[in-house]
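# Fold and geometry: a report
Take a look at the letters that make up each chain.
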Amino acid sequence: MACPVTAFAQQQPDPASGQADPQPASGVLVYGPEFFANTALPTALDMVQRLPGFTLDVGKSDARGIAGNTGNVLINGKPPASKTDGLGEILRRISAASVARIELIRGGAPGIDMQGRAVVANVVLKRTASTEKLVNFQSYIYRDGYVGPDLTLQYTRSDGDRRDELSIEGISDRTSSTAKGMRTRTDAAGNLLQRHRLDLWDRDRSATVRASVQRAIGGGLLNVNGRFDYLDYPTSFGVTLLEGSGSSGVATDITHQWKGELGANWAKNLGEDGEIELVALQRLGHTGYDSAVTSDSFVSTFGQQSRNGESVFRPILRYKTSKRLSLEGGGEIAYNFLDNRTAYTEQGAPVPLPDQSVFVSEVRGELFGLARWEPSSKVTLESGMRAEVSRIAARADSSRARAFFYPKPRVQLTLRPNKRDQVRLRVEQSVSQLDFTDFVAATEINLGTVRAGNGDLVPEQTLTLEAVFEHRFWGKGALELSARHEATRHVIDYIPLEGGFDAIGNIGSGTRDTLSSTLTLPFDKLGIKDARLRGNAAVVRSHVTDPLTGERRRYTNEIPFTCSGSFSQDLFGGRFTYGVYGSCGQPATDLYRIAEYRATVLEPSVEIYGIWKPSKRLAIRMDAGNLNNAAKIIDRRLYTAERNASPLLYRERTVQRRGQYLYVQIRRAF
């Protein structure tokens, strides 16, 4: 299992090639074929999720730019060259038989792009020649008899640095938004006003084509990928009056969306100690959205048409001055735009909204430098600085443009007092990205709310202090405890606008404190072979000043406590794996709009699963999900105007359940 993380991934020796492996770098744990030998795990995704003490983060595909948005898993030492193609999807398409080993890099390693993260997993693929044709059929089967199929056809050919991949996927399914429920409205004294039966329905119909080619070109390694997606997504929200005065109604909408991406990553060694990497990305998309709400004789409509695009170029230069010191520098330049048009009517008459037609563009540049120093095998110091310059322009009711400059320093100290323990201390200044959709008007069709756009947003700026303690035990066990404090300026939340509307804006400064823990507990020493318990929990406390009441409260949509746990065991020499997963649900998360307060609760849920691998090329999985039919509960208080100075209009409680379901997957390689 002792394999290295060397300066650059393409130079790493491969167990399949028969070359000898030097010792691994400090802070690197290597999980080779032996670790996964007695498992029925069919994909690289399953393997990554099995790593002790590691929690997969798939990144933020909707965020602009590349730096820090691609997740915490590398493929052959590099982040994926695609953003639209999610990290989870990429790992799911890599068969377990194609993986030579997985390296868990904690605290950084020379020559590895950590993407600003303290821990990453590096999936190293075999270099031997192979061809794989894959058929993956999976489907959700719901309690009401609906079947949602998902079929993927995939071809992969690899031989050393040469790798070709093509896949086609079609989906006709539904989401958790399809549910049944009840809604009750009462007045301020608790008297019943209305009781409704709710029928929520949606369909997710999409098609995706993906392709990638990797070749040795120009003395380096070039990876080019492309992806095209089409989505057709209709929904409806039916309301039937059971008690009280009022009427029944229905809200319907439909989304048509297409998006395409072309990306490339080229890396070349500069002698034995240097490397240059160039990343380029182009994305384009279009979304059409139309909705209508009918209640008795009242009809309102909302329509939206938007185009968006992103162009990114990112050069990186890495250099090892010695075995103890490595340097990294580079930059990123990006152009993004959103062209959005909205229209809102009531009873056929147009209702003007602030900033209902907006063109938003951003030109952003970033320079960065990073030094990683290991004065000894027990200490790693990483220090870096990013400097971001951007200009955001919005043409709407009034044209405005603003320029921003933000320095973003980061220091991380990693201590390894012994082979089992690691301590990581981090200080970092970060800046959030503005969501272009906050610049334009939007609606919540199922709740009948309309939000105006706001072009005067400022990014959040956060100073983070973090301490993490990690302990490895029993060969496959891990415990991690962390404490984090965040101090944020220009917190983004809802603000009031003239005309009775509200919008997303900045409300001042706030703080957030988080205590979290993760545990992987193997049961081998407890007498249950190849079994493990995984669990995590987090407690969050945040404080910000409400823009209406002036009182201190939590951040909007802050989850105060989360926890989950799972137990799994491998049987029959790795031909069968079973497990049970449970979530603690979600305590009330608060949303503070100008004329509304909302709290959302998710009940705990339980699911069980089993994976059967009758042969190396065939895997069958079945899940029974949401066994306890967990509910989503939404409590709202609606006011006649601003909630701090206006009488209560009514209270509303909505309870909806999606029902139990079965998930079946058949994965066959040829």
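Please read these numbers as outputs of a predicted model, since none were measured by experiment.

## Some points on the overall build of the protein chain
- The helix and strand tally for the protein chain stands at three helices and 38 strands.
- The C-alpha atoms of the protein chain give a radius of gyration of 26 Å, which matches the 26 Å a tight globule of 670 residues would have.
- Here the protein chain holds 670 residues, and the buried ones make up 50% of them.
- Long-range contacts, defined as pairs at least 24 residues apart, comprise 64% of the intrachain contacts of the protein chain with a sequence gap of at least 6.
- Accessible area of the protein chain: about 29200 Å², with a carbon and sulfur share of 58%.
- With 84 positive and 75 negative side-chain charges, the protein chain shows a spacing of 5 Å between the two charge centroids.

## Structural notes on the sheet that holds strand S4 (residues 119–125)
- The mixed open sheet is built from four strands, whose spatial order is S1-S3-S4-S2. Because the sheet does not close on itself, it has two edges, and the strands there are strand S1 (28–31) and strand S2 (73–75). When strand polarity is set aside, the average angle formed by the axes of neighbouring strands in this sheet is 20 degrees.
- The pairing of strand S3 (residues 99–106) with S4 spans seven bridges and is classified as antiparallel.

## Some points on the packing of aromatic side chains
- All chains considered together, the criterion is met by 16 aromatic pairs.
- With a centroid separation of 5.9 Å and 15 degrees between ring planes, the pair formed by Phe404 and Tyr406 is classed as stacked. Each member of the pair, Phe404 as well as Tyr406, carries the same accessibility label: buried.
- Taking 5.5 Å as the distance between ring centres and 90 degrees as the angle between the ring planes, the aromatic pair formed by Phe523 and Phe567 counts as edge-to-face. One end of the pair, Phe523, is in the loop between strand S27 (510–522) and strand S28 (531–545); the other, Phe567, is in strand S30 (residues 561–571), and 44 residues separate them in sequence.
- For Phe567, a relative accessible area of 21% gives the class partly exposed.

## Description of the nonpolar core
- Formed by 25 residues in total, the largest nonpolar core has its most connected members in Leu91, Ile102 and Val123.
- Going through the elements one at a time, helix H1 (33–36), helix H2 (44–50), S2, helix H3 (87–93), S3 and S4 are the ones with two or more residues in this core.
- If near-sequence neighbours (up to four positions away) are discounted, Ile102 is found in contact with Leu29, Val30, Tyr31, Phe36, Met47, Val48, Leu51, Ala121, Asn122 and Val123.
- Grouped together as the second largest cluster of nonpolar side chains are 17 residues, Phe404, Phe436, Val440 and Tyr494 included.

## Describing the state of the cysteines
- Inspection of every chain in the model, using the stated rule, returns one disulfide.
- For Cys563, the disulfide goes to Cys584, at an S-S distance of 1.5 Å. Residues Cys563 and Cys584 share a disulfide whose torsion about the S-S bond is about -100 degrees; that sign makes it left-handed. Placement of the pair is Cys563 in strand S30 and Cys584 in the loop between strand S31 (576–583) and strand S32 (586–593), with a sequence separation of 21 residues.
- On the basis of relative accessible area, Cys584 is assigned to the partly exposed category, the value being 38%.

## Some details on the pairing of strand S33 (residues 596–602)
- In terms of burial, S33 is a largely internal element, five of the seven residues being buried.
- Two strands pair when backbone bridges link them, and S32 and S33 are joined in this way by six bridges, in the antiparallel orientation. Across the sheet, residue Tyr592 finds its bridge partner in S33, namely Tyr597.
- Counting the residues that bridge the hairpin from S32 to S33 gives two residues.

## Looking at the environment of Thr345
- In this structure, Thr345 sits in strand S15 (residues 325–346).
- Aside from chain neighbours lying at most four places away, what touches Thr345 is Val299, Ser300, Thr301, Pro350 and Val351.
- Of note is the side chain of Thr345, whose polar atom sits 2.4 Å from the side chain of Thr301.

## Here we look at a nonpolar patch on the surface
- A cluster of nonpolar residues, Tyr155, Leu166, Ile168, Val209, Phe228, Tyr230, Trp258 and Leu284, forms a patch on the protein surface that exposes about 720 Å² of accessible area.
- With respect to the helices and strands, the residue Ile168 is situated in strand S7 (residues 162–173).

## Remarks on the pattern of salt bridges
- In this structure the tally under the stated criterion is 56 salt bridges.
- Between Arg195 and Glu243 there is a salt bridge, with the nearest N and O atoms lying 2.7 Å from each other. Placement of the pair is Arg195 in strand S9 (residues 192–202) and Glu243 in strand S11 (residues 220–244), with a sequence separation of 48 residues.
- The exposure class of Arg195 is partly exposed, given its relative accessible area of 28%.
- Taking the shortest distance from any N to any O, the salt bridge between Arg512 and Glu486 comes out at 3.3 Å. Here Glu486 lies in strand S24 (residues 477–489) and Arg512 lies in strand S27, a separation of 26 residues in the sequence.
- Taking the relative accessible area as the measure of exposure, Arg512 reaches 21% and is therefore partly exposed.

## Re the pairing of S7
- Of the strand pairs in this sheet, strand S6 (residues 147–159) and S7 are connected by ten bridges, and their pairing is antiparallel. Its bridge partner being in S7, Arg157 is matched across the sheet by Asp164.
- Hairpin geometry of S6 and S7 is characterised by an intervening segment of two residues between the two adjacent antiparallel strands and by a positive phi of about 65 degrees at Gly160.
- Both S7 and strand S10 (residues 204–217) contribute to a ladder of eleven bridges, which runs antiparallel.

## Overview of the side chain of Asp546
- Among the secondary structure elements, Asp546 is positioned in the loop between S28 and strand S29 (552–553).
- Residue Asp546 is classed as buried on the basis of its relative accessible area of 3%.
- A distance of 2.8 Å separates a polar atom in the side chain of Asp546 from the backbone nitrogen of Leu548.
- Not counting the four nearest positions on each side in its chain, Asp546 is found in contact with Glu551, Arg553, Tyr592 and Arg643.

## Re the side chain of Thr39
- Within the secondary structure layout, Thr39 lies in the loop between H1 and H2.
- A distance of 2.9 Å separates the side chain of Thr39 from the backbone oxygen of Phe36, its partner in a polar contact.
- Not counting chain neighbours up to four residues away, the residues in contact with Thr39 comprise Arg50, Asp570 and Gly574.

## Remarks on the environment of Ala599
- Tracing the sequence through the fold places Ala599 in strand S33.
- A sequence separation of 50 residues divides Ala599 from Thr549, and the C-alpha atoms of the two residues are 18 Å apart.
- Non-local contacts of Ala599, meaning those with residues more than four positions away in its chain, are made with Ala588, Thr589, Asp590, Ile633, Ile634 and Asp635.

## Some thoughts on the confidence of the model for the protein chain
- Per-residue pLDDT for the protein chain has a mean of 88; in total, 93% of the residues score no lower than 70.
- For residues 1–23, every residue scores under 50 in pLDDT, and the model assigns this stretch 68 contacts once sequence neighbours within four places are set aside.

Calculation criteria
Per chain, residue numbering runs from 1 following the sequence as it is written. The predicted nature of this model means local features are confined to residues of pLDDT at least 70 and side-chain atom pairs, given and counted, to a pLDDT of 80 or more, with totals for whole chains, interfaces and linings taken over all residues. As a convention, hydrogens and water are excluded, and side-chain values are obtained from all of the structure's heavy atoms. Counting from the N terminus, the helices are DSSP H or I runs at least four residues long and the strands are E runs at least two residues long. Only C-alpha atoms enter the radius of gyration; for comparison, a globular chain is expected to reach 2.2 Å times N to the power 0.38, where N is the number of residues. In this scheme, a residue with accessible area under 20% of its type's maximum is buried, one over 50% is exposed, and one in between is partly exposed, where area comes from a 1.4 Å probe on protein chains only. Residue contacts are defined here by distance: any two heavy atoms, one from each residue, within 4.5 Å place the two residues in contact. Values of accessible area rely on a 1.4 Å probe in the Shrake-Rupley scheme; residue burial ignores everything except the protein chains shown. Residues scored as positive are Lys and Arg, those scored as negative are Asp and Glu, and His as well as the terminal groups of each chain are ignored. Charge coordinates come from a single atom per side chain, which is NZ of Lys, CZ of Arg, CG of Asp or CD of Glu. For two strands to be treated as a pair, DSSP must find at least two bridges joining them. Orientation is described by lines fitted to C-alpha atoms, with helices fitted over the stretch in contact, and by angles between N-to-C directions that extend from 0 to 180 degrees. Pairing of aromatic rings covers Phe, Tyr and Trp, the last counted by its six-membered ring, and requires centre-to-centre distances within 6.5 Å; plane angles under 30 degrees mean stacked, over 60 mean edge-to-face, and any other angle means tilted. Put simply, a nonpolar core is a bunch of buried Ala, Val, Leu, Ile, Met, Phe, Trp, Tyr and Cys residues held in one set by side-chain atoms that sit within 4.5 Å of each other. The definition used for a disulfide is geometric: two cysteine sulfur atoms within 2.5 Å. Counting of polar contacts relies on pairs of N or O atoms within 3.5 Å, with two restrictions inside protein: one atom must be capable of donating a hydrogen and the other of accepting it, and residues adjacent in sequence are counted only when both atoms are side-chain atoms. For patch detection, residues must exceed 30% relative accessible area and be free of salt bridges, and they are connected within 9 Å for like charges or within 5 Å for nonpolar side chains (Val, Leu, Ile, Met, Phe, Trp, Tyr). Counted as salt bridges are all cases of a side-chain nitrogen of Lys or Arg within 4 Å of a carboxyl oxygen of Asp or Glu. The predictor attaches a confidence to each residue, called pLDDT, with possible values from 0 through 100.

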